[in-house]
There are 2 protein chains.
Amino acid sequence: MRYLDKQSIEHIAVGAAFLGTGGGGDPYIGKLMALSAIEKYGPVRLYSVDEIEDEDFFIPSAMMGAPSVLVEKFPKGDEFVKVFQMLAKYLGREKITGTFPMEAGGVNSMIPIVVAAQLNLPLIDCDGMGRAFPELQMVTFNLDGISAAPLAISDEKGNIGIFETIDNKWTERLARTATVEMGASALVSLYPTTGAQIKNSGVHNIVTLSEQIGEIISSNNRDAKDKLEELLNLTSGYELFQGKITDVIRETKGGFNFGEMNLEGIEGNKEEQMEVYFQNENLLAKKNGQVVAMTPDLICLVDYETLLPVTTESLKYGKRVRVIGLPAHPKWRTEKGIETVGPRYFGYDYDYAPIEELVSKAVAKHV
Amino acid sequence: MRYLDKQSIEHIAVGAAFLGTGGGGDPYIGKLMALSAIEKYGPVRLYSVDEIEDEDFFIPSAMMGAPSVLVEKFPKGDEFVKVFQMLAKYLGREKITGTFPMEAGGVNSMIPIVVAAQLNLPLIDCDGMGRAFPELQMVTFNLDGISAAPLAISDEKGNIGIFETIDNKWTERLARTATVEMGASALVSLYPTTGAQIKNSGVHNIVTLSEQIGEIISSNNRDAKDKLEELLNLTSGYELFQGKITDVIRETKGGFNFGEMNLEGIEGNKEEQMEVYFQNENLLAKKNGQVVAMTPDLICLVDYETLLPVTTESLKYGKRVRVIGLPAHPKWRTEKGIETVGPRYFGYDYDYAPIEELVSKAVAKHV
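Residues numbered from 1 in each chain as written. Chains lettered and ligands numbered in written order. Predicted model: local features only at pLDDT ≥ 70, side-chain atom pairs only at ≥ 80, totals over all residues. Heavy atoms only, no water.

Within an unreviewed UniProt entry, the label attached to chain A reads DUF917 domain-containing protein, and the organism entered is Paenibacillus odorifer.

Take a look at the structure:
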């Protein structure tokens, strides 16, 4: 167990936004919420997965919907606790051991910290994706047959819903339509989970990894190249592209941000170009027409100079970025994982190939 | 207290479909469900409102959505009980005194009979409309500030939702989007209500009135004119038109059946014509371009010969019908009532005028 202080939270927000692959919410908003919560209620205890008991019981908290909408619907802070307690009450559980994030992301890593601070509960160093994904069945717990329902959903006005469903895709469908009706973003508590389930089916150490990534990116007095090297070492990642954004097509539809961006090379590789396709999260990257990374592997955009993560809602013409690719958690690279979040699920007509292969092919071709 | 037997149910189904003003579901399907329930579980006890105690507690059951869809999604029967019990459990109430219909209609008058039979609970001789309306805040309980939520909703597949909302319009919005996602029709339990609230805010004796209407319509060895006279006497109604349907425009949108029909006079009044506009229920009737009845007053279509009610989903070109208008329950004719279900709410640019006035004006003009 260790305490998360303000410094940790600053780092986690940045690192989680990086792992959020463009989605998971704006790290600035997320950070403000979490900082204000620990200022008011004190630092939050972070437990590693080894430190919890099998029979402990946890409820995650998250935001659902189009992240771009959250920018305008800034949460008050007590909504997260309300929906968390609603689910606890519905489950007839007086005692909830703690909470944890559903996904990595600038906002979705911070909401559980807010809940943990307000309710004086521990946060567990684990999530259900090891990155961010747009739909709520896209969770490692789902791969092991754990139910997303009962799910509690709430808007900032005070409307609340609870869903019990026949499968996790129906949970996604019903929660998604409620989210859209509630104004395209909503708060959810879902995947109520035991300690044993977290041990078997969660992605471990994600909070700590986020913090380490954030620490590297935020470190002063170091140049981008040096920081990047350390970042790629830590995450087994690849720098896929350096370029500037020349075009962004974006649409908020059905509670998602859909879109595509085009990038043009800079400094010595001006002939090169890249396209990145996203649905809240970046899902597929093509370099000079060739796929170099695809979901479930991570495609992370960072500022060219500062390495600060760039979310899909902040994409702007002319912005200079680096595109970084990371291998997904091994759970996503299984047959069930690829079926759930692979390129074909999102409508891209490619067989999944790991980023390691795609990159070495691209290098070979280049030589 | 009296028992509802097969004969009563046959009559209630017909009379309630008449009061359903085109909506509330097909009386044939409704009747089959209720008959099969009392065959299996025995006759249902009907209590008048005078016979219940103030502190008794009731939960209504109903179908929500586009009635035309129900024709294809025939319910199994236990879904109604499931959603009823879900709400009872959510409310933490072990004992529910009984059930009652939300509205009059071929199906929505029958569902509470199914629930009453299966759970051996009494049915109360009351509803929340005295007719049928398309949206769930259009209930006399709502006029008195009684909450539609918590509402439980379910589909035939087994998905379930519960909503707690800030007002009854939000209950309608969230339940409607869930209904659409569930396949355009769903089952709901809502407006949990005490005996005192039923006494103050319900429309009393509606089951008995439905039965009386059904009895008149179903009686043999009498001609249409004779039966019609008795029907109009009982309901303070008017025969607005005799004609055949020349055109129907219909669309299922957002979980409703929207549409408009044109009628042409028959037998001595061939020059005359009528238009009827509907949203699940018939809402406005124009005779020769002049409004002769409008919501909340009832516009009921019946077969020209048999006087059997004609629902909006069974409208067919060439069908010969009579159009009958009835005054709405006095609760609907208040300022709040007109605001909630008057012509302007549905987008018709008319001030509400009672059918008594409109008819006497039309007669005066005719003379």
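From this point, the narrative continues.
## A word on the overall build of chain A
Counting secondary structure elements, chain A contains twelve helices and 18 strands. Here the C-alpha atoms of chain A give a radius of gyration of 19 Å, agreeing with the 21 Å that 2.2 N^0.38 yields for 367 residues. Structurally, chain A occupies a C-alpha span of about 60 × 45 × 35 Å along its principal axes. In chain A, which comprises 367 residues, the proportion classed as buried is 63%. For chain A, the proportion of contacts with a sequence separation of at least 24, taken over those separated by at least 6, is 74%. Only carbon and sulfur atoms are counted for the fraction: they give 48% of the accessible area of chain A, which is about 13900 Å². Of the side chains in chain A, 36 bear a positive and 51 a negative charge, and the two mean positions are spaced by 3 Å. (Helix = DSSP H or I, 4+ residues; strand = E, 2+ residues; numbered from the N terminus. Rg over C-alpha atoms; globule rule 2.2 N^0.38 Å. Buried < 20%, exposed > 50% of the residue type's maximum accessible area, 1.4 Å probe, protein only. Contact = heavy atoms within 4.5 Å. Areas by Shrake-Rupley, 256 points an atom, 1.4 Å probe, with all protein chains shown as cover. Lys, Arg positive; Asp, Glu negative; His and termini not counted. Charge placed at Lys NZ, Arg CZ, Asp CG, Glu CD.)

## What to know about the side chain of Lys286(A)
Residues and elements named next belong to chain A. In this fold, lysine 286 is placed in strand β15 (residues 281-287). Among buried charged residues, lysine 286 stands out as having no salt bridge; its nearest opposite-charge side chain is glutamate 275, 4.8 Å away. Of note is the side chain of lysine 286, whose polar atom sits 3.3 Å from the side chain of tyrosine 350. Not counting chain neighbours up to four residues away, the residues in contact with lysine 286 comprise Gln273, Met274, Glu275, Tyr277, Val291, Val292 and Tyr350. (Salt bridge = Lys/Arg side-chain N within 4 Å of Asp/Glu carboxyl O. Polar contact = N/O pair within 3.5 Å; in protein donor to acceptor, adjacent residues only side chain to side chain.)

## Things to note about the domain arrangement of chain A
Residues and elements named next belong to chain A. Taken domain by domain, chain A comprises domain 1 (2-206) and domain 2 (222-366). Tallying the contact residues gives 41 residues for domain 1 and 35 residues for domain 2. Summing both sides of the interface, domain 1 and domain 2 together bury roughly 2900 Å²; the carbon and sulfur share of this comes to 66%. Remark: the boundary between domain 1 and domain 2 carries zero salt bridges. Taken together, domain 1 and domain 2 are joined by eleven residue pairs in polar contact (both at pLDDT 80 or more). Looking at the side of domain 1 that touches domain 2, the elements with two or more residues in it are α1 (6-19), α3 (67-70), α6 (140-143), α7 (168-181) and α8 (195-201). Residue composition of the side of domain 1 that touches domain 2, grouped by class: 17 nonpolar, 16 polar and eight charged. (Domains from an automatic or database assignment. Buried area = accessible area lost by both parts, 1.4 Å probe. Nonpolar A, V, L, I, M, F, W, Y, C, P; charged D, E, K, R; others polar.)

## Concerning the environment of Ile217(A)
All names here are of chain A. Mapping isoleucine 217 onto the fold places it in helix α9 (residues 206-218). Sequence separation between isoleucine 217 and isoleucine 96 is 121 residues; the distance between their C-alpha atoms is 34 Å. What isoleucine 217 contacts, discounting residues up to four positions off in sequence, is Val14, Phe18, Lys227, Leu231, Thr306, Leu307, Leu308 and Pro309.

## Regarding the pairing of strand β18 (residues 320-326) of chain A
All names here are of chain A. The element β18 is extensively covered by neighbouring structure, given that six of its seven residues are classed as buried. Two strands pair when backbone bridges link them, and strand β12 (residues 238-253) and β18 are joined in this way by six bridges, in the antiparallel orientation. If you follow glutamate 239 over to β18, its bridge partner there is isoleucine 324. (Pairing = 2+ DSSP bridges.)

## Things to note about the UniProt feature "domain: S-Me-THD-like C-terminal" (unreviewed entry) in chain A
Summarizing the sequence annotation, UniProt attributes the feature "domain: S-Me-THD-like C-terminal" (unreviewed entry) to residues 167-355 of chain A in the numbering used throughout. In the segment residues 167-355 of chain A, helix accounts for 29% and strand for 35%; the C-alpha atoms at its two ends are 31 Å apart. (UniProt positions renumbered as here; feature names shortened; annotations may be inferred.)

## Some remarks on the pairing of strand β15 (residues 281-287) of chain B
Residues in a regular strand project their side chains so that they alternate between the two faces of the sheet. All names here are of chain B. A large share of β15 lies buried, amounting to six of its seven residues. The sheet contact formed by strand β14 (residues 273-279) and β15 spans six bridges and is antiparallel. By the bridge assignment, valine 276 is partnered in β15 with alanine 285. From the end of β14 to the start of β15, which pair antiparallel, there are one residue, and asparagine 280 there has a positive phi angle of about 60°. When β15 meets strand β16 (residues 290-294), the two strands line up antiparallel, connected through four bridges.

## Comments concerning the relation of the copies chain A and chain B
Take chain A, turn it by 180°, move it 0.1 Å along the axis, and it overlays chain B with an RMSD of 0.0 Å. On the angle and the small slide along the axis, the relation comes out as a two-fold axis. If distances are taken from each C-alpha of chain A to the rotation axis, the shortest is found for Ile162(A), at 2.5 Å. Taken as a fraction of all interface residues of chain A, those also at the interface in chain B reach 100%, which identifies the copy contact as same-surface. (Least-squares fit on C-alpha atoms with pLDDT ≥ 70 in both.)

## Brief notes about the interface of chain A and chain B
Counting residues at the interface gives 20 residues for chain A and 20 residues for chain B. Each partner contributes to the roughly 1900 Å² buried at the junction of chain A and chain B, and carbon and sulfur atoms together form 60% of this total. On inspection of chain A and its partner chain B, the count reaches two salt bridges. Where chain A meets chain B, there are seven residue pairs in polar contact (both at pLDDT 80 or more). Of all the secondary structure elements, the ones that give two or more residues to the side of chain A that touches chain B are α4 (78-90), β8 (160-164) and α7 of chain A. In terms of residues, the side of chain A that touches chain B owes the most to one element, α7(A), which gives six residues. Here the residues of the side of chain A that touches chain B are counted per class, giving ten nonpolar, five polar and five charged.

## Brief notes about the environment of Thr311(A)
Its place among the elements puts Thr311(A) in the loop between β17 (298-303) and β18. Once residues lying within four places of it in the same chain are set aside, the contact partners of Thr311(A) are Gly22(A), Gly25(A) and Pro27(A).

## A few points about the packing of aromatic side chains
How two aromatic rings sit relative to each other is given by the distance of their centres and the angle of their planes. Residue and element names in this part refer to chain A. A complete count under the given rule lists 14 aromatic pairs over all chains for this structure. Each ring, one from phenylalanine 133 and one from tryptophan 332, has its centre 5.2 Å from the other, and the planes form 80°; the classification is edge-to-face. Of the two residues, phenylalanine 133 sits in the loop between β6 (126-127) and α6 while tryptophan 332 sits in the loop between β18 and α11 (335-341), which places them 199 residues apart along the sequence. What makes tryptophan 332 buried here is its relative accessible area of 0%. Pairing phenylalanine 141 with tyrosine 191 gives two aromatic rings, centres 6.2 Å apart and planes at 40°, and the pair type is tilted. Taken as a pair, phenylalanine 141 in helix α6 and tyrosine 191 in the loop between β9 (185-189) and β10 (193-194) lie far apart in primary sequence, 50 residues in all. (Phe/Tyr/Trp six-rings, centres within 6.5 Å; stacked < 30°, edge-to-face > 60°.)

## Some words on the sheet that holds strand β2 (residues 44-47) of chain B
Residues and elements named next belong to chain B. The mixed open sheet is built from three strands, whose spatial order is β1-β2-β5. Each edge of the open sheet is held by one strand with a lone partner, namely β1 (2-4) and β5 (123-124). Bridging between β1 and β2 involves three bridges; their strand directions are antiparallel. Looking at β2, one finds that leucine 4 is bridged to valine 44.

## A closer look at the sheet that holds strand β16 (residues 290-294) of chain A
All names here are of chain A. Strand order in the open sheet formed by seven strands is β16-β15-β14-β13-β12-β18-β17, and the pairing between neighbours is antiparallel. One side of each edge strand has no neighbouring strand; the edge strands of this open sheet are β16 and β17. With strand direction ignored, the average angle separating the axes of adjacent strands in the sheet is 35°. Pairing between strand β13 (residues 256-265) and strand β14 (residues 273-279): seven bridges, direction antiparallel. By the bridge assignment, phenylalanine 258 is partnered in β14 with glutamine 279. (Axes fitted to C-alpha atoms, helices over the stretch in contact; angles between N-to-C directions.)

## Description of the side chain of Thr312(A)
Residue and element names in this part refer to chain A. Residue placement: threonine 312 occurs in the loop between β17 and β18. Only 3.1 Å separates the side chain of threonine 312 from the backbone oxygen of asparagine 280, close enough to count as a polar contact. Here threonine 312 is in contact with Gly22, Arg250, Phe278, Asn280 and Asn282, once residues within four sequence places are set aside.

## Observations concerning the nonpolar core
Core analysis: the largest hydrophobic core is formed by 204 residues, its most contacted members being Phe18(A) and Phe18(B). Sequence-distant contacts of Phe18(B), defined by excluding residues within four places in its chain, comprise Ile213(B), Ile217(B), Leu231(B), Cys300(B), Val302(B), Pro309(B), Ile324(B) and Leu326(B). (Core = buried A, V, L, I, M, F, W, Y, C linked by side-chain atoms within 4.5 Å.)

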